[in-house]
Amino acid sequence: MDGLWRVLGAALLTTVLGLTIGKGHKELAAVLTMAACVMAAAVAVGYLQTVVAFIWELEETAGLGSEILTVLLKAVGIGFVTQVTGALCSDGGSASLGKTVQLLGSAVTLYLSIPIFRQMLDVIREILE
Amino acid sequence: MNMDFTAPVVPEQGAAYMPEDTASFGSALWTLLRKALNVVQPELYQAAQTGLILAAVVLLVSLLKGLDTRGGRCGKMAGAMAIGTVLLRGANAMISLGAQTVEELSQYGKLLFPVMTAALAAQGGLTSSAALYTGTAVFDAVLMSLISRLLVPMVYLFLALAAANSATGEGMLKKLRDTVKGFMVWCLRIVLTVFTTYMSITGVVSGTTDAAALKATKVTISSVVPVVGGILSDASEAVLVGAGVMKNAAGVYGILAVLALFLAPFLRIGVHYLSLKAAASLCAIFDGAGLNELIEDFGTAMGLLLAMTGASCLLLLVSTVCFLKGAV
């Protein structure tokens, strides 16, 4: 859990520095915030790796080759990246760009979910037949 | 006049579970139960596999939901569809099994009741045999039609509404789902209440039996059969009274045949019901997206199926026991 405390400390420090530097150099403050966000995201990914490993362990124990889990895992990754990017854009003053990035995340998640919807449709077809 | 009445042979689906020696009802019942329990193990293995996949899906979707963006909501929709896809195939197999069991029980009842009526009439119970035959035949036909033509399609409707509600979170769909479930429960309860009332009015569901045994039977039936167990437990007195007078070989064979047709499918659906309830409880621990409600709904659908098959079987059992009691 060391990573968590370090990131929390860095986040607070970055916020204070951003407030101080931001008065004269907004670009520098934005870059500093981005760097802190990337660091926090990298630490979060480290923790999520354990969760993902556990999910694959569940899948292996169940013994089912599941396309569904792969799709959902990709959706989690895309959701994570688009949320961080969208928030950074909003912080940088481009709120509309931030929202568009998040919309892109939703569109890609839906696009990735098509195989699941297709599988569902196949089962419904089987039932109707 | 001493006439020998033979119950119709157990159909192919139940033949594997039917004990060879049916002379002693107790030992035959024990043999039947042991054979039927063998079907539980593969079902448990499959249920454990499904439970693990469900846990993985819910874990991933709760991660997505934690992002709290539009992507998270799309992820929840995908998660609901994923759970629906994982569970729907198994649920469809169980629904088909339940519907098939109800039909087989009804078909067997159509062959068994004339034999029991003839046996009762030959022993002097002409009036009561006619009344019993009319009542049981009508209720069997009504219940069979209700289940196959209305309630089984409604189980699919219930599942579709549950999946749509989980994917979209629309309150209207939730209300519709609850209405569909309420209607199914109401239909089953009405038919069974009228059946038990008819049996009470005709006077066959009466007699004295051990109070402790009666209480134990009532508690068992009302807890094992969901939804309609409480109503059916009221007729358990007839089963217990009849159990003490089972000297009619055709009746004993008929009851064992009904149980041979019913027990294995009931246990298979029961395993699915319990495993889905357990999976819903497990997933509720790390589910922030409300997907455990969908798993719970699939469990409820299995519960409704158990109620349908249980109701059909107990209708046949109570009717057969009433014929036996009338024949004493």
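Preceding block: the structure.
Residues numbered from 1 in each chain as written. Chains lettered and ligands numbered in written order. Predicted model: local features only at pLDDT ≥ 70, side-chain atom pairs only at ≥ 80, totals over all residues. Heavy atoms only, no water.

Some remarks on the overall build of chain B
Part 1 of the reasoning: When its secondary structure is counted, chain B shows 11 helices and 0 strands.
Part 2 of the reasoning: Reading the helices (α) and strands (β) of chain B from amino to carboxyl end gives α-α-α-α-α-α-α-α-α-α-α.
Part 3 of the reasoning: Counting over 328 residues, chain B shows a buried share of 54%.
Part 4 of the reasoning: Across chain B, every contact between residues at least 6 apart in sequence was considered, and the portion connecting residues at least 24 apart equals 82%.
Part 5 of the reasoning: Of the accessible surface of chain B, which amounts to about 13,600 Å², a share of 63% is contributed by carbon and sulfur atoms. (Helix = DSSP H or I, 4+ residues; strand = E, 2+ residues; numbered from the N terminus. Buried < 20%, exposed > 50% of the residue type's maximum accessible area, 1.4 Å probe, protein only. Contact = heavy atoms within 4.5 Å. Areas by Shrake-Rupley, 256 points an atom, 1.4 Å probe, with all protein chains shown as cover.)

A look at the pattern of salt bridges
Part 1 of the reasoning: Under the counting rule described, the total for this entry stands at 8 salt bridges over all chains.
Part 2 of the reasoning: A salt bridge links Arg89 of chain B to Glu126 of chain A; the nearest nitrogen and oxygen atoms lie 2.8 Å apart. A residue pair is termed interchain when its members come from two chains, as with Arg89 of chain B in helix 4 (residues 70-122) and Glu126 of chain A in helix 4 (residues 95-128).
Part 3 of the reasoning: Residue class for Arg89 of chain B comes out partly exposed when judged on its relative accessible area of 42%.
Part 4 of the reasoning: In this structure, Glu293 of chain B and Arg177 of chain B form a salt bridge, with 3.0 Å as the shortest nitrogen-oxygen distance. Of this pair, Glu293 of chain B sits in helix 11 (residues 291-326) while Arg177 of chain B sits in helix 6 (residues 171-201), and the two are 116 residues apart along the sequence.
Part 5 of the reasoning: When its relative accessible area of 5% is taken as the criterion, Arg177 of chain B is described as buried.
Part 6 of the reasoning: One network of salt bridges, in which partners are shared, links Lys174, Arg177, Asp178, Glu293 and Asp297 of chain B. (Salt bridge = Lys/Arg side-chain N within 4 Å of Asp/Glu carboxyl O.)

Points about the environment of Ile295 of chain B
Part 1 of the reasoning: In this structure, Ile295 of chain B sits in helix 11.
Part 2 of the reasoning: Beyond its immediate stretch of four places on either side in the chain, Ile295 of chain B contacts Leu54, Val58, Ile83, Leu87, Leu276, Ala279, Ala280 and Cys283 of chain B.

A short note on the interface of chain A and chain B
Part 1 of the reasoning: At the interface, 34 residues of chain A touch 29 residues of chain B.
Part 2 of the reasoning: Approximately 2,900 Å² of surface area, both sides summed, lies buried where chain A meets chain B, with 82% of it carried by carbon and sulfur atoms.
Part 3 of the reasoning: Contact with chain B buries area across many residues of chain A, yet Leu72, Met120 and Ile127 of chain A alone supply 19% of it, more than any other trio.
Part 4 of the reasoning: In this assembly, chain A and chain B are joined by 1 salt bridge.
Part 5 of the reasoning: Linking chain A with chain B are 1 residue pair in polar contact (both at pLDDT 80 or more).
Part 6 of the reasoning: Listed by contribution, the elements that provide at least two residues to the side of chain A that touches chain B are helix 2 (26-62), helix 3 (67-91) and helix 4 of chain A.
Part 7 of the reasoning: A per-element tally of the side of chain A that touches chain B places helix 4 of chain A first, with 15 residues. (Buried area = accessible area lost by both parts, 1.4 Å probe. Polar contact = N/O pair within 3.5 Å; in protein donor to acceptor, adjacent residues only side chain to side chain.)

Considering the nonpolar core
Part 1 of the reasoning: Among the nonpolar cores identified, the biggest contains 119 residues, and Leu72 of chain A together with Val57, Ile83, Ile295 and Met308 of chain B are the most heavily contacted of them.
Part 2 of the reasoning: A total of 22 residues in this core trace back to one element, the largest contributor, which is helix 11 of chain B. (Core = buried A, V, L, I, M, F, W, Y, C linked by side-chain atoms within 4.5 Å.)

Looking at helix 4 of chain A
Part 1 of the reasoning: Helix length check: helix 4 of chain A (34 residues) gives 47 Å between terminal C-alpha atoms against 50 Å at 1.5 Å per residue, within 8%.
Part 2 of the reasoning: The largest bend along helix 4 of chain A measures about 40° and falls at Ser113 of chain A, with the proline Pro115 of chain A one to four residues further on. (Expected span 1.5 Å × (residues − 1). Bend = angle between axes of the 7 residues up to and from the residue.)

Some details on the packing of aromatic side chains
All names here are of chain B.
Part 1 of the reasoning: In the structure shown here, the tally under the stated rule is 4 aromatic pairs over all chains.
Part 2 of the reasoning: Geometrically, the ring pair formed by Phe139 and Phe195 is edge-to-face, given 5.4 Å between the ring centres and 75° between the ring planes. Taken together, the residues span a long stretch of sequence, with Phe139 in helix 5 (residues 126-168) and Phe195 in helix 6 at a distance of 56 residues. For the pair Phe139 and Phe195, one class covers both residues: buried.
Part 3 of the reasoning: With a centroid separation of 4.7 Å and 35° between ring planes, the pair formed by Phe262 and Phe266 is classed as tilted. Of this pair, Phe262 and Phe266 both sit in helix 10 (residues 249-285), 4 residues apart, which is roughly one turn of that helix. (Phe/Tyr/Trp six-rings, centres within 6.5 Å; stacked < 30°, edge-to-face > 60°.)

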